[in-house]
Amino acid sequence: EAEQVLNDGIAQFPRSQNLLFNRAMYFVRLKDMTLAESDLRTLIAINPNNADALNTLGYILVDANTRLSEGKGYIERALSLDPDNPAAMDSLGWAYYRLGEHTEATVWLKKALTLMPNDEIAAHLGEVLWVSGQQEAAINIWKQGLALNPDSPYIHQRLKQFDLLGDS
């Protein structure tokens, strides 16, 4: 139903940035990144300065671990338009992590987490710290994230990934 409403709205208002962005986010929830990317590219063609669309497109590319330089470029452009955006800072940190630049990733992720305490950002920062050999710091960050959201799928995924859940 949601998809049909969004499709109908976009058919009636094909240049609606809000409708395109919301449909892209709907596709992200469905894990259909091809359709999400298509809507975000359309939105960016309509408004090249839409920082949210630039950041989201960049994050999708970086999180998929594909087209890292392209994704990082979109995120950097989003941050140049909205330099205090913690979501874009998180995305840039994740881009640096995917590129193997753990020190720079840590800087951006810590800044993002300070500005916007959030379990997803905590999951990202914890992962970077863990793979950088700072396991105790990673566990502390994940505990902070779980205090914000005890059911965090992001942190639970990392705990499973690094075999920290035990046999329970």
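No experiment lies behind these values; they were computed from the predicted model shown.

Peer 1: Hey, could you run me through unusual backbone geometry in this one?
Peer 2: Among all residues save glycine, negative phi is the norm, and among peptide bonds the norm is trans. Unlike most non-glycine residues, Lys31 shows phi in positive territory, near 65°. Along the chain, Lys31 turns up in the loop between helix H2 (17-29) and helix H3 (33-46). For Lys31, a relative accessible area of 69% translates into the label exposed. For Arg67, which is not glycine, the phi dihedral falls at a positive 45°. Tracing the backbone through its elements, the reader meets Arg67 in the loop between helix H4 (51-63) and helix H5 (68-81).

Peer 1: What should I look at first to understand the packing of H5 against helix H6 (residues 86-98) in this one?
Peer 2: Relative orientation of the contacting elements H5 and H6 amounts to 155°, with a least axis distance of 9 Å. On the basis of the axis angle, H5 is roughly antiparallel to H6. Remark: the crossing between H5 and H6 carries left-handed chirality. For the pair formed by H5 and H6, the contact residues are Leu68, Lys72, Ile75, Glu76 and Leu79 on the first element and Ala88, Met89, Ser91, Leu92, Ala95, Tyr96 and Arg98 on the second. Partitioned by chemical class, the residues of the contact of H5 with H6 number eight nonpolar, one polar and three charged.

Peer 1: For this particular structure, what's the right way to read the pattern of salt bridges?
Peer 2: As a working rule, side chains carrying opposite charge can pair if their charged atoms are close by. For the coordinates displayed, the defined rule picks out eight salt bridges. Put simply, Lys72 and Glu76 hold a salt bridge, and the shortest N to O gap is 2.9 Å. With a gap of four residues between them, Lys72 and Glu76 both fall in helix H5, about one helical turn apart. Of the residues examined, Lys72 reaches a relative accessible area of 16% and is grouped as buried. Among the ionic contacts, a cluster of salt bridges with common partners joins Glu37, Arg41, Arg67 and Glu70.

Peer 1: Would you take a moment to explain the packing of H6 against helix H8 (residues 119-131) for this structure?
Peer 2: Between H6 and H8, the shortest axis-to-axis distance is 10 Å and the interhelical angle comes to 25°. Of the possible angle classes, the one that applies to H6 and H8 is roughly parallel. In the crossing of H6 with H8, the sense of the turn from one axis to the other is left-handed. Contacts between H6 and H8 involve Pro86, Asp90, Trp94 and Tyr97 from the former and Ile121, His124, Glu127, Val128 and Val131 from the latter. The residue inventory of the contact of H6 with H8, partitioned by class, reads six nonpolar, one polar and two charged.

Definitions and cut-offs
- Residues numbered from 1 in each chain as written.
- Predicted model: local features only at pLDDT ≥ 70, side-chain atom pairs only at ≥ 80, totals over all residues.
- Heavy atoms only, no water.
- Helix = DSSP H or I, 4+ residues; strand = E, 2+ residues; numbered from the N terminus.
- Buried < 20%, exposed > 50% of the residue type's maximum accessible area, 1.4 Å probe, protein only.
- Axes fitted to C-alpha atoms, helices over the stretch in contact; angles between N-to-C directions.
- Parallel < 35°, antiparallel > 145°, perpendicular 65-115°, else oblique.
- Left-handed = near helix turned anticlockwise from the far one by under 90°.
- Contact = heavy atoms within 4.5 Å.
- Nonpolar A, V, L, I, M, F, W, Y, C, P; charged D, E, K, R; others polar.
- Salt bridge = Lys/Arg side-chain N within 4 Å of Asp/Glu carboxyl O.

So far we have only geometry, and geometry alone does not tell us how the molecule works.
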